[in-house]
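Structure assessment
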Amino acid sequence: PCLRQCLLSDSQEANVCKEIIDGGNFIIEDVYDTNFDIDNEKSKENIFVILFDNIYTSTSATSFYLHTLTLEPASKATFNISYSPWSGFICQPDFFQLYEENDLRRSATWLYGQQYDINGKELEGVVYNPIFDEFKYFNANGGRGEYDGARCWKWHYQTDGTLTSYKTSMDNDFALFRYADVVLMYVETLIRQGRTQEVLNVADFKKIRTRAGLAPYTLAELTLDEIYNERGRELAWEGIRHQDMIRFDKYLDKYWAHPKQTEKFRLLFPIPTDVLNSNPKLVQNPGY
């Protein structure tokens, strides 16, 4: 994972990524879901994971309980969950709209539209609305509606009745580093070096697109902005967007959930007061 943040030049990073690609130890799986399934330890694309288990990591401190943090209580009927999720995290509407309609990763990652119970029966009135009004969300008297926002189910939830509380862990392992990330970083470094033509011949990059049901990129489509968006779609909710936003110079920009341009000094966090007080030689970062 240090490849994303270490001080390598573009050419050095390209060489490291190419070495991993040529090593042949990892593959782009034929099916995207293989990397996130309940039994995703079979994935040959996941390089480094956090192990989770329904029995051995089921405590409040160690469990993986994404279903609790994103779903509405009505989705208990969809996944045979015996307690109420907390009605939480959603997909930002502007990000959801980055997907083409035929991108298979969209439905593999997000729950949206009409919802059904575990037997396929329509849940009356339970429709996750992926695109909703920004003003309503940010207005102090507004807030999102109960079913506003697509919900994450990238790590598919077991439906065997074992999800009985937030202390009960999902069985899916969480990938901290995936081979698809290596391939996308390699492509990014080529474009940053002006070697965009070479990207067209990166077979695993083509496969990332074709397994998503999309055509490989043309030369004209290969821009850094598009690679930034493609990394978002491929690696959504895998914990790396913050680093990408800084590297692609997007961190301070306005976007749906961040309606104001941010001051440049906020690229650095403030030094905590207790740390400043413990060392008189420290000076607070500018702007705070």
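Residues numbered from 1 in each chain as written. Predicted model: local features only at pLDDT ≥ 70, side-chain atom pairs only at ≥ 80, totals over all residues. Heavy atoms only, no water.

Looking at the packing of helix 7 (residues 179–192) against helix 9 (residues 203–210)
The interhelical angle for the contact between helix 7 and helix 9, taken along N-to-C directions, is 115°, at an axis separation of 9 Å. Between helix 7 and helix 9 the crossing geometry is left-handed. In this structure, helix 7 uses Tyr179, Ala180, Val183, Leu184 and Val187 to contact helix 9, whose residues at the interface are Asp204, Phe205 and Ile208. For the contact of helix 7 with helix 9, the per-class residue count stands at seven nonpolar, no polar and one charged. (Axes fitted to C-alpha atoms, helices over the stretch in contact; angles between N-to-C directions. Helix = DSSP H or I, 4+ residues; strand = E, 2+ residues; numbered from the N terminus. Left-handed = near helix turned anticlockwise from the far one by under 90°. Contact = heavy atoms within 4.5 Å. Nonpolar A, V, L, I, M, F, W, Y, C, P; charged D, E, K, R; others polar.)

Considerations on the nonpolar core
In terms of nonpolar packing, the biggest core is built from 29 residues, with Trp110, Trp155 and Tyr157 touching the most fellow members. Secondary structure elements with two or more residues in this core: helix 4 (93–96), strand 2 (110–111) and strand 4 (122–128). Discounting residues that sit within four places of it in the chain, Trp155 has contacts with Phe36, Phe64, Leu66, Met170, Asn172, Asp173, Phe174, Ala236, Trp237 and Glu238. Core analysis: the next-biggest nonpolar cluster, separate from the first, contains 27 residues, Leu184, Tyr186, Leu235 and Phe248 among them. (Core = buried A, V, L, I, M, F, W, Y, C linked by side-chain atoms within 4.5 Å. Buried < 20%, exposed > 50% of the residue type's maximum accessible area, 1.4 Å probe, protein only.)

Some words on the pattern of salt bridges
The tally for this structure, following the rule as stated, stands at 25 salt bridges. Here Arg195 and Glu198 are joined by a salt bridge, their closest N and O atoms 2.8 Å apart. Given the relative accessible area of 29%, Arg195 is considered partly exposed. Residue Asp225 pairs with Lys250 through a salt bridge whose shortest N-O separation is 2.8 Å. (Salt bridge = Lys/Arg side-chain N within 4 Å of Asp/Glu carboxyl O.)

Things to note about the layout of surface pockets
Space inside the largest pocket adds up to approximately 790 Å³. The wall of the largest pocket is formed by 32 residues, among which Gln92, Phe95, Arg241, Met245 and Tyr255 lie closest to the centre. Contributing elements (two or more residues each) for the lining of the largest pocket: helix 4, helix 10 (224–234) and helix 11 (241–247). Ranked by residues supplied to the lining of the largest pocket, first place goes to helix 10 with five residues. Here the residues of the lining of the largest pocket sort into 17 nonpolar, six polar and nine charged. (1 Å grid on protein atoms, 1.4 Å probe; cavity = no way out; pocket = protein on both sides within 12 Å on 5 of 7 lines; lining within 4 Å. Points joined across faces, edges and corners; volume = space filled by probe spheres on them.)

As for the environment of Asp117
The residue Asp117 is located in the loop between strand 3 (113–116) and strand 4 in this model. Along the primary structure Asp117 and Leu176 are separated by 59 residues, whereas in three dimensions their C-alpha atoms are 32 Å apart.

Examining empty space enclosed by the protein
On inspection of all chains with the given rule, the structure shows two cavities of 30 Å³ or more. The element that contributes the greatest number of residues to the lining of the largest cavity is helix 9, accounting for three residues. Among the residues making up the lining of the largest cavity, the classes are represented as six nonpolar, no polar and two charged.

Points about the environment of Gly232
Its location among the elements puts Gly232 in helix 10. Of the residues examined, Gly232 reaches a relative accessible area of 2% and is grouped as buried. Put simply, Gly232 and Arg211 are 21 residues apart on the chain and 16 Å apart in space, counted from C-alpha to C-alpha. Setting aside residues no more than four positions away along its own chain, Gly232 makes contact with Phe95 and Arg241.

Nothing here speaks to function; it is geometry throughout.
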